[in-house]
Amino acid sequence: MDFIQEKLRSWFYEKRTTAEGIFREISNWAEATLEEKIKPTFTFRVLPIDRLKFNVKEGGMEFIVDLDKRTCDCSEFPLDEIPCEHAIATIDRIYQKKSAFCSAYYSRDFWLKTYEGHVNSVGDSTTWVIPDNVKSEITKPPDAKVMLGRRQKNRHVSDTEFKKEPRCGRCKK
């Protein structure tokens, strides 16, 4: 238990100092995710439908992006709560910050709140104050039924699961 406490304490300290050291609006992970999604957006065609609603053409496909509702037809934007590639193309079109359309959970403030707590040690067990009603309780381990026989090595495959057909290594038939 002492090792786990020390490890948690060091992790919280490291994460807290990292979060205090960034001056961006969103976390490092969210910033890196946005940077990855920016690359393919240069080939998209963005056509306005409304003030915050756009039609994005990617190759032969079309996606409707609604920045007001934070939705896209690809379903990635509402799922991750980080703008998808299509949403990033529309945000660039209206000259807004991409970080403003990310969820508040990715913000620096939430990141700091996550690690603001401290992991305190429990101290020496001789200094603990234990009430009498707790001391008098006898705690036994739960009853566990020990199965007879050898343990199963492979799991049982259900009848509803998809089974692969055997194929030839040469001709793939």
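In this report, the structure presented in the accompanying data block is examined. (Residues numbered from 1 in each chain as written. Predicted model: local features only at pLDDT ≥ 70, side-chain atom pairs only at ≥ 80, totals over all residues. Heavy atoms only, no water.)

Further remarks concern the packing of aromatic side chains. Summed over all chains, the structure comprises three aromatic pairs. Arranged with centres 5.4 Å apart and planes meeting at 85°, the rings of Phe12 and Tyr115 form a pair that is edge-to-face. With Phe12 in helix 1 (residues 2-21) and Tyr115 in the loop between helix 5 (108-114) and helix 6 (132-135), this residue pair connects regions lying 103 residues apart in the sequence. Note on Phe12: relative accessible area 23%, which makes it partly exposed. For Tyr115, a relative accessible area of 19% translates into the label buried. Aromatic pair Tyr105 and Phe110: ring centres 5.2 Å apart, planes at 85°, arrangement edge-to-face. For Tyr105, a relative accessible area of 61% puts it in the exposed group. The exposure class of Phe110 is partly exposed, given its relative accessible area of 32%. Positioned above the aromatic ring of Phe110, the side-chain terminus of Lys113 is 5.7 Å from the ring centre. (Phe/Tyr/Trp six-rings, centres within 6.5 Å; stacked < 30°, edge-to-face > 60°. Helix = DSSP H or I, 4+ residues; strand = E, 2+ residues; numbered from the N terminus. Buried < 20%, exposed > 50% of the residue type's maximum accessible area, 1.4 Å probe, protein only. Lys NZ or Arg CZ within 6 Å of the ring centre and 35° of its normal.)

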